[in-house]
Amino acid sequence: MFSYAGRTANPVPQPLPTRIGGFGGVAGLCDYLRANSITHIIDATHPFAAQMSRNAVDASLACGVQLLALERAPWQVTSGDHWIHVPNIAGAVAALPDTPARVFLAIGKQTLDAFATKPQHHYLLRLVDPPTSQPLPNTTVIIARGPFDIASDTALLRGNKITHIVAKNAGGAGAAAKLHAARALGVAVIMIDRPTLPPRRIVASVAQVLAWLGHSADRGV
Ligand SMILES: NC(=O)c1ccc[n+]([C@@H]2O[C@H](COP(=O)([O-])OP(=O)(O)OC[C@H]3O[C@@H](n4cnc5c(N)ncnc54)[C@H](OP(=O)(O)O)[C@@H]3O)[C@@H](O)[C@H]2O)c1
């Protein structure tokens, strides 16, 4: 069973039953786990979906359901990078200069309004679905779904004369091209560090998830 938050309009179809939407906090999630006799939770959310991950930990403890998180290693700064580390979105807003800049906001759609306090910048937005509201006065919007490649992201940064990228440290290959492009072009990256989550068991690959299920699931054989 796949469980989606429903943040994108047309998620990629999956070969398993799929449900969409929240549960109503930890209590609601526990009710769902019990009602559907769920024995294992795999938290495969984005590293910044902190509330979903916290709910999964709490529900796992409260209802005795096993939990495994599938989590990519964070990106690491390397030679030639110009990264400014910030702890959260507010830190990213504060790290932007006061003089007008051209900023690639590679952070999805949920927290764009925080940047309305710095309307002097031009913002390039890359979103999965067309925006339904527009909190920023001066934007270019591109509708695209990853994975992205270095040649295209280099052309994107060049074509839009980008001076700063704001990124969440998601890790993985699918969204890393912008960082390679930034390194090559000398573009500054304001890197938002991951939120802190409660202790939980973590693996880095789907193969490890399947091994975990194979070792501990009752397969009825
Ligand atoms: N945050 C990001 O930067 C980011 C980036 C890329 C992708 N995403 C993806 O977008 C989705 C939403 O992320 P988010 O950061 O908005 O979430 P979040 O802030 O961590 O959680 C918000 C709320 O979503 C509800 N929810 C909705 N569907 C759920 C489900 N299937 N399982 C568990 N909880 C669910 C939960 O509320 P109730 O159960 O109480 O209703 C939860 O409290 C996730 O799939 C995440 O992987 C997030």
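Heads up: the structure comes first, above all this text.
Residues numbered from 1 in each chain as written. Predicted model: local features only at pLDDT ≥ 70, side-chain atom pairs only at ≥ 80, totals over all residues. Heavy atoms only, no water.

1. What to know about helix α5 (residues 177-185)
Within α5 the residues assigned to the buried category are A177, K178, L179, A181 and A182. Just downstream of α5, G186 is the residue with a positive phi angle, here 70 degrees. (Buried < 20%, exposed > 50% of the residue type's maximum accessible area, 1.4 Å probe, protein only. Helix = DSSP H or I, 4+ residues; strand = E, 2+ residues; numbered from the N terminus.)

2. Comments concerning the nonpolar core
L105, I107, F115, Y123, V166 and I192 are the most contacted members of the largest nonpolar core, which has 19 residues in total. Listing elements by their share of this core, those giving two or more residues are α3 (89-95), β6 (102-106), β7 (122-127) and β10 (188-192). Not counting residues up to four positions away in its chain, the partners in contact with Y123 are L96, V103, L105, F115, K118, L136, N138, T139 and T140. One finds I162, A170, A182 and M191 within the second-largest nonpolar core, a separate group that totals 17 residues. (Core = buried A, V, L, I, M, F, W, Y, C linked by side-chain atoms within 4.5 Å. Contact = heavy atoms within 4.5 Å.)

3. Things to note about the packing of aromatic side chains
What characterises a pair of aromatic rings is the spacing of the ring centres plus the angle enclosed by the ring planes. The full count for this structure, using the stated rule, is three aromatic pairs. Ring geometry for F115 against Y123: centres 5.9 Å apart, planes inclined by 65 degrees, an arrangement best described as edge-to-face. (Phe/Tyr/Trp six-rings, centres within 6.5 Å; stacked < 30°, edge-to-face > 60°.)

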